Amino acid sequence: MTSLATAGERVAPAPGSPRGRRAREVRLGLVRSVPLLPSLALLALFLLGPIVYAIYGSLTNRTLTGPNAANPSFVGFDNYARLFASSDFWTSVVLTVVFLVASAIIGQNVLGLLLAVLMKNGTPTLSRTIAALVVVAWVLPEIVAAFALYAFFASEGTLNLMLDAIGLTGPAWLIAFPMLAVILANVWRGTAFSMMVYSAALSEVPPEINEAAEIDGASAAQRFFRITLPMIRRSISTNLMLTTLQTLGVFTLIWVMTGGGPGFKSATLPILAYQQAFNFAQIGYGTAIAVITLLIGAIFAMVYIKVLKPEVD
Amino acid sequence: MRKTLTTLAAGAALALVLTACGGGNDSGSSGADGESTGSDAGSGSATIKVAYQKTDAFTQLDDLLQKCVGEFEAANDGVTVQLEPIAAQETEYFTKLALMHGSAATAPDVIYEDTFQVRSDAAAGYLAPMDDYLADWDGWDQFSDAAKQAGAGDDGSTYGVSMGTDTRGIYFNKQIFEQAGLPADWQPESWDDILDAARTIKEKVPDVIPFNLYSSKSQGEAASMQGFEMLLYGTGDELYDYDTQKWNVGAPGFVEALTFIQTAQQDGLLPGLEDALDTNLPNRISGELFPQGKVAIIVDGSWVPGGWMSDGSNSWPEWQEVAGMAKMPTSTGQEPGAVSMSGGWLFSIGSQSKNPELAFDLIAGCLSQENSLKYDTENSQIAVRDDVASDPVYLDYNPSFEFFSSLVPVTHFRPATPDYSQISSQIQVAAESVLTGQASPEAAAKAYDDAVTALVGADKTQNAG
Amino acid sequence: MTAPAVQLASPRRRPSRVISNVILVLVGLAFVIPLAWIVLGSFNTEAKVSITWPSSWTLDNFITISTWDTTFRPLVNSAILSFGCAVITVVCSVLAAYPLSRYQMRFNRSLMYVILFGTCLPITAMMVPVYALFVSLNLLNTLWGTVLFLAATSLPMAIWMTKNFMDSIPVSLEEAAWVDGASAMTALRRIVVPLMRNGISVVFIFVFTMAWGNFFVPFVLLFSRENMPAAVAIFGFFGTYGTVAYGQLAAFSIMYAMPVLVLYLVTQKVSGGSFAMSGAVKG
């Protein structure tokens, strides 16, 4: 991780007033930032712009059709007041947090780490094959994965077929346990990312310390928790943040598998926002939900940065 | 290095050129160009874009358009018609349409519009008034007064030409009824009669779904119209009071209707949740489940036999012998004894169309006497043109026409207001929450009341309790 | 990356190897079953929602859907979207990563945090205002407008990854060039980029894959059939048929998924085995 403090100063500072030098530094800084411009332009127009517009839009009563489509009016925080008074909204917040914790924080991270560790200990050919399968699940286009998992959990699907074969009758998973189904589905889908991160991190851990501890009599568990884990702490924190925030935006998977149902039982915030904005035509109201989703993401991100201090340099 | 950069640059250029071509041809405009299509009617070239619904179960409109568009293009040199079929079920279809109206470049010229959306879309400024064109069209005289009203906006202008209308009733499978010992000329007089028959079937013919009533928001307007409103309007209560121009909240009939759904669900008379919440259920009921004898009693629309009579995927030649038809009763048999709901679809003109006159010509051609007859017979619509309704070809075409036309005297229409479509979504939410057991009828009704109040404001609601 | 150290062959390792293998196999089974359903279903005209061994293997499903309208045009649209997005993203992110990697500027740290957060913005939360933005810019239903938006959403992750790759290239070569009077851009073009070829390919393929699989953005921004990419076209299969034609759905899925799977294999080769992306994402 090299960065340059003085090497960038290729222009020899001319003799002169400190202000002259300062002005030159500022100019230099600006010139150096020029390559950033195309990216900043795209980001400002297509990401920052919509966020700002979203915040404004959530303060109107705009609809997709009807008189409020032609002439929406400013309603201040009415949409938010309605949201906070709505039990469906709070259920959705809870569902979203459950989804995040279960599938990303716990599911993908634990399984990814487990796989990374197992692959070090297992037969290389087998490890590579299993790794390939896990990665295929991740590279697959999202909607294909969604269909495959829908078919797996459907009441006449493969899961119940297998349970039948051992004499159990499975329930209609997508109706009776929709959150469980989508959580497992998201773990299936996203574990590869964590697995790759941890695999790389583990390969950077020098084995000497581990071996020394082993010779000293430390058990495998002790070695793992006391030595290995702390050494990959940085990767863990970065990965936690990335997987959490990625999972916050998951839409297609849940939409195809359960549509947010039955009722609103698996309607996480993105699903709720889509339904309100596009299906029920309540654009202003749906945007308010979206803004809150962004806020939740921002809070998670700030918590991670403060607490876990991921490496950015 | 130079090669990589050159390749990258060439690739980028290629990509941009391709996308510009791809984008340019289809939807035109990108800033500088301004609007791409259009010139005056009759001179130069023009493109008319038609947005409509097409699914594997609903191809009759596509058939009609293939025919009348061919006729239109032949008669109008230089004019191309671009058909834009939207393959989606109801709710998604309306969403897509609304999104298309967002900009001039994507807005369609001719639209397949549902009557319950027309006031709402007119108020949103999406539709163009057609009064001037209608005044010059002699076909318009053939349309019944009710049909002319169907396309009216709040301001009194007409925003759509009716393609046909429909009513709703009960279909039942006579073979299953025989197995259960129920009469072949069954006519329930009250809701309890329906529940009793369903319970008998559940007992005598156990592996059949006794009864279906659409109750999920994933079925969209079907759940409102063929489902809930068939119940509500049979209790004597209505959604909207035309005299006071206010929406009813706290209506006891609303709770009664929800209680019916709850009872049917608790007694196991309805399809299992995985089917009941399926967005494709209407297709599957009319196309497979009912013809294959897997569901005994359904509440559905008068257009359903259209698919059975066609050569398409829903073809069912034996329907006349197997399918019995009955009127939907009022809740306790009170006057007028039966209830039905009527809707229908229209052809509308998009307000951002560059060639509204050409668009109207296309509509007039597609709803000429000959083409209306074709569509109304093939799609099992109730004709709204007098010359079609009295045509012996029409009358002889479909044996169910007589029955469904007989329901017209007891039929109701949905509230013709711009906010109906949004309120309808709340009806579906209420029905589904009772269906899934997530709410009691009272709680669901209260949630509906609150939602309506939030949507239209407390001054537009009145307590009907 | 460090080379794997020589493992001492000790008897204590063997049971752990067996246990590891067993668990790996179990996990592998859990992962493979849904994939197998797709593969088996595509060759089976009687495919059901549960996994079935085809009674007769046939290419009928593939043949039925192999028309311009159903399959090929959507795939071409997907290619246009993904390729355009990836090219723009890579060019912009290489440019942007250079100052972030080479210069110590005061706002470096905060910018990187912003970028890190930007990698995970829930796009679904922003589609309504994006739609409104596209309406006012008159970009609705245009392929290239969608390309630009996809590029913008891919930029944060791409900048992050590119910067990581760039950081692992020593500055000394550029320093030599600077002493000789070369400008930053020349140094970037002549020295850094060629050395980063592998990393750039990884980023390119990563962005391409994400854009290829993106469903929601084209779902909201593209309407006409001519512009629809495969992700949306395949959704049509599912949503509008009475009973889903699972065999055809599976066949379409395979044709749709093939390109990115192949690309991933290419990445493996290019980055010399192990995990291609890991060099990019390690913190």
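Here the structure is a predicted model, which is why all the values come from computation and not from measurement.

A. Highlighting the packing of helix α10 (residues 178-203) of chain A against helix α13 (residues 233-248) of chain A. Residues and elements named next belong to chain A. Interhelical geometry of α10 versus α13 gives an angle of 160 degrees and a closest axis separation of 10 Å. Overall, the two elements α10 and α13 adopt an arrangement that is roughly antiparallel. When the axes of α10 and α13 are compared, the crossing they make is right-handed. Where α10 approaches α13, its residues Asn 186, Phe 193, Ser 194, Val 197, Tyr 198 and Ala 201 are matched on the opposing element by Ser 235, Ile 236, Asn 239, Leu 242, Thr 243, Gln 246 and Thr 247. In the contact of α10 with α13, the residues fall into six nonpolar, seven polar and no charged.

B. Focus on the nonpolar core. Leu 61, Leu 65, Ile 201, Phe 254 and Ile 297 of chain B together with Tyr 256 of chain C are the most contacted members of the largest nonpolar core, which totals 315 residues. For Leu 65 of chain B, the residues in contact, after removing those within four places along its chain, are Val 50, Tyr 52, Gly 70, Leu 83, Phe 347 and Cys 366 of chain B. With 27 residues, the next largest nonpolar core counts Tyr 214, Trp 308, Ile 382 and Leu 407 of chain B among its residues.

C. Region of interest: the domain arrangement of chain C. Residues and elements named next belong to chain C. Taken domain by domain, chain C holds domain 1 (13-58) and domain 2 (61-270). Distance between the C-alpha centres of domain 1 and domain 2: 30 Å. Listed as interface residues are eleven residues of domain 1 and, on the opposing side, eight residues of domain 2. When the two sides are added together, the surface that domain 1 and domain 2 hide from each other amounts to roughly 730 Å², 72% of it contributed by carbon and sulfur. At the boundary of domain 1 and domain 2, one finds zero salt bridges. Linking domain 1 with domain 2 are three residue pairs in polar contact (both at pLDDT 80 or more). Class assignment for the residues of the side of domain 1 that touches domain 2 results in six nonpolar, four polar and one charged.

D. A look at the packing of aromatic side chains. Residue and element names in this part refer to chain B. Within the structure shown, the criterion is met by 63 aromatic pairs over all chains. Here the aromatic rings of Phe 172 and Trp 186 are separated by 5.4 Å at their centres, their planes lie at 85 degrees, and the arrangement is edge-to-face. Here Trp 186 lies in the loop between α7 (174-180) and α8 (191-204) and Phe 172 lies in strand β5 (residues 168-173), a separation of 14 residues in the sequence. You'll find Phe 172 and Trp 186 in the same group, each marked buried. Residues Phe 290 and Trp 308 carry aromatic rings whose centres are separated by 5.8 Å and whose planes lie at 15 degrees to one another, so their mutual orientation is stacked. With a gap of 18 residues between them, Phe 290 in the loop between α12 (281-289) and β9 (295-301) and Trp 308 in helix α13 (residues 304-309) connect regions that are remote in the sequence. This pair shows no difference in class: Phe 290 is buried, exactly as Trp 308 is.

E. Structural view of the state of the cysteines. Residues and elements named next belong to chain C. The tally for this structure, following the rule as stated, stands at one disulfide over all chains. Considering cysteine sulfurs only, Cys 92 is the nearest to Cys 85, which forms no disulfide, with 10 Å between them. For Cys 85, a relative accessible area of 0% translates into the label buried. By relative accessible area, Cys 92 is classed as buried at 8%.

F. Representation of a nonpolar patch on the surface. Taken together, the side chains of Val 18, Val 22, Val 25, Leu 26 and Leu 29 of chain C present a nonpolar region at the surface, about 440 Å² in accessible area. Among the structural elements, Leu 26 of chain C can be located in helix α1 (residues 13-42).

G. Structural detail: the interface of chain C and chain A. Between chain C and chain A, the contact holds 106 residues from the first and 100 residues from the second. Here chain C packs against chain A, burying approximately 9,300 Å² in sum over the two surfaces, 78% of which is carbon and sulfur. In this structure, the connection of chain C to chain A is made through zero salt bridges. Counting across the interface, chain C meets chain A through five residue pairs in polar contact (both at pLDDT 80 or more). Element by element, the count of residues in the side of chain C that touches chain A is highest for α1 of chain C, at 18 residues. Its residues assigned to classes, the side of chain C that touches chain A comprises 79 nonpolar, 18 polar and nine charged.

About the criteria used
- Residues numbered from 1 in each chain as written.
- Chains lettered and ligands numbered in written order.
- Predicted model: local features only at pLDDT ≥ 70, side-chain atom pairs only at ≥ 80, totals over all residues.
- Heavy atoms only, no water.
- Axes fitted to C-alpha atoms, helices over the stretch in contact; angles between N-to-C directions.
- Helix = DSSP H or I, 4+ residues; strand = E, 2+ residues; numbered from the N terminus.
- Parallel < 35°, antiparallel > 145°, perpendicular 65-115°, else oblique.
- Left-handed = near helix turned anticlockwise from the far one by under 90°.
- Contact = heavy atoms within 4.5 Å.
- Nonpolar A, V, L, I, M, F, W, Y, C, P; charged D, E, K, R; others polar.
- Core = buried A, V, L, I, M, F, W, Y, C linked by side-chain atoms within 4.5 Å.
- Buried < 20%, exposed > 50% of the residue type's maximum accessible area, 1.4 Å probe, protein only.
- Domains from an automatic or database assignment.
- Buried area = accessible area lost by both parts, 1.4 Å probe.
- Salt bridge = Lys/Arg side-chain N within 4 Å of Asp/Glu carboxyl O.
- Polar contact = N/O pair within 3.5 Å; in protein donor to acceptor, adjacent residues only side chain to side chain.
- Phe/Tyr/Trp six-rings, centres within 6.5 Å; stacked < 30°, edge-to-face > 60°.
- Disulfide = S-S within 2.5 Å.
- Patch = residues over 30% accessible without salt bridge, like charges linked within 9 Å, V, L, I, M, F, W, Y side chains within 5 Å.
- Areas by Shrake-Rupley, 256 points an atom, 1.4 Å probe, with all protein chains shown as cover.

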